[in-house]
Amino acid sequence: MVDGRRSARPRTGSAAGAHASRAGLVRRRRRRWLYGGALGAAVTLIGVSVAGSIVYAKLSANITPDEAAAAELARYEKERPTALVKGAQNILLIGSDSRAGAGNGKYGRDSGTERSDTTILLHLSADRRSATAVSLPRDLMVDVPGCRRRDGSRGEPMFAMFNYAFQTGGSACTVRTVEKLTGVRVDHHVVVDFSGFKDMVDAVDGVEVCLDEPIDDKAAKLRLPAGRVTLDGEQALGYVRARKSLGNGSDTDRMDRQQRFLSALVTKVRGNDVLLNPVKLYPVLDAATSSLTTDPALASLHGLYDLVRGLRDIPASRVRFLTVPREAYAYDANRDQLVQPAAENLFRRLRTDRPIAVSAASAREAADKSAAAFRGRTAADDICG
């Protein structure tokens, strides 16, 4: 008896058998192609992942955690201000004039101390719809608390110039001095030196500024024409640091220049040609992280990303730069003191996350009637304005 199932099987060499063989071959080739494609994709993803991990690890390792400052601030936790608005952040940005470290020695002799050449209190609103950067003059007369000196001893509280705090007790003493002065809780601090600043400017291919007149300044190593000029890192450092040889020689003029420059730098970094171009973005990140000493919570790419991820959505008109209201010190015209009640009004708005408006002249009425007007500018202002 013939099995029906066997008889239904096609004979070898038949057209049906040939068709089945070709189909099987195609299926096997397709499986090999899919397998090879999947393997290639997997290898590519692993390569990208490993490369990304290496880059992430390198950039994170660039940042120096300020463990000593964290320990000192923890020691005085009970006397520090309380944060009043959840989600708002206050970061103290300190530009150090240290001559120590690679590339910094050529800016002068290393006396074994360093001062805060520039200090800015940056307030980020809780809703991340605005950012306010307040310059604190280095010659402002303030109460400096008793701080741990660099040699391990402890100093006595004194009334002195603001930059004495950093010279005496580093970033922790500067944070405590700012908190005592303003009543604002400092959540994070960042210290950057000369070389780091220059590298950051060079990494974005320079920053454009506007000069009212030509500059020929040997002390600042600047020789520039009037008008719109793109500064490289070395030129930018001279431009923001020069005090007596540019403008009217006052610290007010110098801080105005710093604010204009930072405004232009923010605009350049926020531009799509940097943020959306990995080739340009990596050297910016490398330069930025290599120059930073921060509190431990910020000492990684993850920490920095958590802090700034919402900043790219802030309109340039809401990124504000201003100087704390101050005037010549009553007992020394070469020093500064706060102007009250304007200064306390500013500090109160920072503490409570209230709106702040800036204008070219503090007496000019603010566009926002609900906010106080302070002398300053925004990142949206024209550099020649």
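Residues numbered from 1 in each chain as written. Predicted model: local features only at pLDDT ≥ 70, side-chain atom pairs only at ≥ 80, totals over all residues. Heavy atoms only, no water.

- Looking at an unreviewed UniProt entry, one finds the protein chain named LytR family transcriptional regulator and attributed to Streptomyces lasalocidi.
- The heading Sequence similarities (unreviewed entry) in the UniProt record of the protein chain holds the text "Belongs to the LytR/CpsA/Psr (LCP) family." (UniProt positions renumbered as here; feature names shortened; annotations may be inferred.)

### A look at the overall build of the protein chain
Phase 1: Counting its secondary structure elements, the protein chain contains eleven helices and 17 strands.
Phase 2: Relative to its full complement of 385 residues, the protein chain shows a buried share of 44%.
Phase 3: Within the protein chain, residue pairs in contact and separated by at least 24 positions form 63% of the contacts whose partners lie at least 6 positions apart. (Helix = DSSP H or I, 4+ residues; strand = E, 2+ residues; numbered from the N terminus. Buried < 20%, exposed > 50% of the residue type's maximum accessible area, 1.4 Å probe, protein only. Contact = heavy atoms within 4.5 Å.)

### Re the pairing of strand S7 (residues 188–192)
Phase 1: Of all five residues making up S7, four are buried, and the element is well covered by its neighbours.
Phase 2: Taken together, the five bridges between strand S2 (residues 89–96) and S7 define a ladder with parallel strand orientation. From the neighbouring strand, Leu92 faces S7, where its bridge partner is His189.
Phase 3: Pairing geometry for S7 and strand S12 (residues 292–294), over three bridges, is antiparallel. Across the sheet, the residue bridging to Val190 is Thr294, located in S12. (Pairing = 2+ DSSP bridges.)

### Section: the nonpolar core
The nonpolar side chains of soluble globular proteins are, as a tendency, buried together.
Phase 1: Judged by nonpolar contacts, the single largest core of 32 residues is most densely connected at Leu92, Leu121, Val178, Val324, Leu346 and Leu350.
Phase 2: Contributions of two or more residues to this core are made by helix H3 (67–75), S2, strand S5 (141–144), helix H4 (164–182), helix H11 (342–351) and strand S16 (356–359).
Phase 3: Ranked by the residues each element gives to this core, the list is headed by H4, at six residues.
Phase 4: Leaving out residues up to four positions away in the same chain, Leu346 has contacts with Val134, Leu322, Val324, Pro325, Ile356 and Phe374.
Phase 5: Within the second largest apolar cluster, 28 residues are counted, among which are Ala203, Leu211, Phe261 and Ala287. (Core = buried A, V, L, I, M, F, W, Y, C linked by side-chain atoms within 4.5 Å.)

### So, H3
Phase 1: Among the residues of H3, Ala69, Glu72 and Leu73 are the ones counted as buried. Around the axis of H3, the buried residues are gathered within 100° of arc, so they sit on the same side. What points out from H3, more than 90 degrees from its buried face, is the exposed set Ala71, Ala74 and Arg75.
Phase 2: Against the buried residues of H3 lie H4 and S7. (Arc of directions from axis to C-beta.)

### Observations concerning the confidence of the model for the protein chain
Phase 1: Scored by pLDDT, the protein chain has a mean of 78; 72% of the residues are at 70 or more.
Phase 2: Segment residues 99–113: pLDDT under 50, and 23 contacts once partners within four positions in sequence are set aside and those in other chains are kept.
Phase 3: Confidence drops under a pLDDT of 50 for residues 362–371, and excluding neighbours within four residues, the segment shows 16 contacts in the predicted structure. (pLDDT = per-residue confidence, 0-100.)

### Digging into the pattern of salt bridges
Phase 1: In this structure the tally under the stated criterion is eleven salt bridges.
Phase 2: Residues Lys198 and Glu234 are paired through a salt bridge, measuring 3.0 Å at the closest nitrogen-oxygen approach. You can see Lys198 sitting in helix H5 (residues 194–203) and its partner Glu234 sitting in helix H6 (residues 233–241), a full 36 residues away along the chain.
Phase 3: In this structure Glu234 comes out as partly exposed when scored by relative accessible area, which is 27%.
Phase 4: Measuring nitrogen to oxygen at the nearest pair gives 3.6 Å for the salt bridge that ties Arg228 to Glu208. (Salt bridge = Lys/Arg side-chain N within 4 Å of Asp/Glu carboxyl O.)

### Notes on a negative patch on the surface
Phase 1: Together, Asp199, Asp202, Asp205 and Asp232 make up a negatively charged patch on the protein surface.
Phase 2: Tracing the sequence through the fold places Asp202 in helix H5.
Phase 3: Looking at Asp202, the relative accessible area reads 40%, which means it is partly exposed. (Patch = residues over 30% accessible without salt bridge, like charges linked within 9 Å, V, L, I, M, F, W, Y side chains within 5 Å. Areas by Shrake-Rupley, 256 points an atom, 1.4 Å probe, with all protein chains shown as cover. Lys, Arg positive; Asp, Glu negative; His and termini not counted. Charge placed at Lys NZ, Arg CZ, Asp CG, Glu CD.)

### Focus on the environment of Ser290
Phase 1: Here Ser290 shows up in helix H9 (residues 278–290).
Phase 2: Between the C-alpha atoms of Ser290 and Asp199, which are 91 residues apart in sequence, the distance is 9.1 Å.

### Structural notes on the state of the cysteines
Phase 1: Inspection of every chain in the model, using the stated rule, returns two disulfides.
Phase 2: Cys147 shares a disulfide with Cys173; S-S distance 2.2 Å. Because the sign of the S-S torsion sets the handedness, a value of about 80° for the bond joining Cys147 and Cys173 places this disulfide among the right-handed ones. Taken together, the residues Cys147 in the loop between S5 and strand S6 (158–161) and Cys173 in helix H4 connect sequence positions 26 residues apart. (Disulfide = S-S within 2.5 Å.)

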